[in-house]
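Chain by chain, the residues run as shown.
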Amino acid sequence: MRVIFLLKNTYPKGLASTARVHCYGKGLVDQGIETHVLLPISLEKQGIEQKNTKREGIDEIGVHYQYMSGSSIRSNNFFRIHVNDVYGYIHTLLYIYRYIKKEDQVIVYEGGVLWMMLCAMVVHLKGAKATMELNELPYVTKRQTRGRMFHRQCMLRLAFPRYDQFIVISEALKTITHRYAPKARIIKVPIIVDWEELSKGIQGESPTSYPYIFHAGSLTHNKDGILGMVEAFGKACEKTDKPIEFIMTGKLEDSPQKDILKQLIVKYQLENKIHFLGYVEKAILHQYLRHCTLCIIYKYDNQQNKYCFSNKLGEYLAMARPVIITNVGEAMNYLKDGKNAYIIPPKNTDLMAEKILEIINHPQTAEQISKEGQRLAQKEFDCHVQAKRLISFFQSA
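Below you will find a few notes about this structure. Nothing here was measured: the structure is a model prediction, and the numbers come from that model. (Residues numbered from 1 in each chain as written. Predicted model: local features only at pLDDT ≥ 70, side-chain atom pairs only at ≥ 80, totals over all residues. Heavy atoms only, no water.)

**Some words on the overall build of the chain**
Then, in step 1: What the chain contains, in helices and strands, is 15 helices and 14 strands.
Then, in step 2: Here the chain has a C-alpha radius of gyration of 21 Å; the compact-globule value for 397 residues is 21 Å, and the two agree.
Then, in step 3: Projected onto its principal axes, the C-alpha positions of the chain cover 65 × 45 × 45 Å.
Then, in step 4: Taken across its 397 residues, the chain has 56% of its residues classed as buried.
Then, in step 5: Considering only residue pairs separated by 6 or more positions, the chain has 74% of its internal contacts joining residues 24 or more positions apart. (Helix = DSSP H or I, 4+ residues; strand = E, 2+ residues; numbered from the N terminus. Rg over C-alpha atoms; globule rule 2.2 N^0.38 Å. Buried < 20%, exposed > 50% of the residue type's maximum accessible area, 1.4 Å probe, protein only. Contact = heavy atoms within 4.5 Å.)

Below is the structure:
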């Protein structure tokens, strides 16, 4: 049995989707399963620092990857973009038809309705089972227009029934999948991390000379509640003389809420207390995480956050970092307030500020809670634990 991911994203370097596939690969390869990632289109932009430059290769964990359009770099020419994309999609489907065996597991990860349907059709022509990986409600990550809601219904009603198996990240996605694909087999695989790597503890010197809060997500309000985090941090700073700063990945100028963020920074006089790192390599990111005082996951109660499950949580817990998190979504099936996390309701910046101060003022209690969180990550989110479950799921079909 081989496992082949069809990933409409970047690899081996990238953001959340790439990290999840990487963790799948780590767990599967360590269990002796040959794993491939096929990328139908190139998404690395020209003119900026490129994270992925090789057309194909084997990453450091042993996963084979290949950009099927012929390059990892996206053209700047409008005509060439579309020609390369069409070629990449066709090449991927032909590869499946030529080389996939009946016992192989093809996991389609991201894509539009037509792409999902075509992948399932070609996999079935080879007598294999088609698997869809779901970590978001389809078409939920952008503004909800009539067009996107129409596409979601097409995905649910036309594409879902064509799949034999689903890997879902949350109970909410499991419920909706069962509704539209009642005959399919479903396994819930929560957020996954390389626990062995992340749990090594604090190594090396801190990247800063001061204590800090760390945020490793997007600088958007709807998904990651960035405005609420900054406001709560400002309120906490007003109530303490202890030094504490806030470090975030991403660039302020790239945030859709950059103007409001700038206003909050001025309002609470945070000009010298908030720092934006831009994109950072994984090793540097982990160094910042290992030395931070606490992390915040501030999700609002909306449609996107109801169905998803923040992969950042797994990393924070595995590194034994104290976490403040809102009581929204799948995380609440694993966390308990005061035991392994600090849980607050959304849209309550005053309470978040209090929790920030509680962690700063009571570090021993925070350490105990973070150690419980680390034990949870080892038990539930370790990629090796989940890989064994996934292999058993495939072999039991």
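**Some points on the packing of aromatic side chains**
Then, in step 1: Following the criterion strictly, the structure yields 15 aromatic pairs and no others.
Then, in step 2: Between Tyr89 and Trp115, the ring centres sit 4.9 Å apart and the planes meet at 50 degrees, which makes this aromatic pair tilted. Remark: Trp115 occurs in helix H3 (residues 113-125) and Tyr89 occurs in helix H2 (residues 78-99); sequence separation between them is 26 residues.
Then, in step 3: Chaining the aromatic ring pairs together yields one cluster made of Tyr210, Tyr212, Phe214 and Tyr288.
Then, in step 4: Here the basic side chain of Lys51 rests over the ring of Tyr279, its NZ or CZ set 4.8 Å away from the ring centre.
Then, in step 5: For Arg185, the ring lying beneath its charged end belongs to Phe393, and the centroid distance is 4.1 Å. (Phe/Tyr/Trp six-rings, centres within 6.5 Å; stacked < 30°, edge-to-face > 60°. Lys NZ or Arg CZ within 6 Å of the ring centre and 35° of its normal.)

**Observations regarding a nonpolar patch on the surface**
Then, in step 1: Taken together, the side chains of Val86, Ile90 and Leu94 present a nonpolar region at the surface, about 250 Å² in accessible area.
Then, in step 2: Inspection of the secondary structure assignment puts Ile90 in helix H2.
Then, in step 3: Assessed through its relative accessible area of 45%, Ile90 is described here as partly exposed. (Patch = residues over 30% accessible without salt bridge, like charges linked within 9 Å, V, L, I, M, F, W, Y side chains within 5 Å. Areas by Shrake-Rupley, 256 points an atom, 1.4 Å probe, with all protein chains shown as cover. Salt bridge = Lys/Arg side-chain N within 4 Å of Asp/Glu carboxyl O.)

**Quick look at the environment of His36**
Then, in step 1: Structurally, the position occupied by His36 is in strand E2 (residues 34-39).
Then, in step 2: Since its relative accessible area comes to 10%, His36 is described here as buried.
Then, in step 3: The spacing of His36 and Ile58 is 22 residues in sequence and 9.0 Å in space, taken between C-alpha atoms.
Then, in step 4: Not counting chain neighbours up to four residues away, the residues in contact with His36 comprise Arg2, Val3, Ile4, Phe5, Val63, His64 and Tyr95.

**Observations regarding the sheet that holds strand E12 (residues 294-297)**
Strands in a sheet are paired, the pairing made by backbone hydrogen bonds, and the direction either parallel or antiparallel.
Then, in step 1: One open sheet accounts for six strands, arranged E11-E10-E9-E12-E13-E14; its pairing is parallel. If you trace the sheet from one side to the other, it starts and ends with strand E11 (274-276) and strand E14 (342-344), each paired once. Going across the sheet, the axis of each strand differs from the next one's by a mean of 20 degrees, ignoring polarity.
Then, in step 2: Where strand E10 (residues 245-248) lies against E11, three bridges are found, and the strand directions are parallel. Bridge pairing links Met248 to Phe276 in E11.
Then, in step 3: Sheet strands touched by helix H8 (residues 226-238): strand E9 (212-215), E10, E11 and E12. Its angle to E10, the strand with the most contacts, is close to 160 degrees.
Then, in step 4: Lying on the sheet, helix H10 (residues 282-291) is in contact with E9, E10 and E12; it crosses E9 at an angle near 140 degrees. (Pairing = 2+ DSSP bridges. Axes fitted to C-alpha atoms, helices over the stretch in contact; angles between N-to-C directions.)

Remember that the coordinates give geometry; whether it matters functionally is a separate question.
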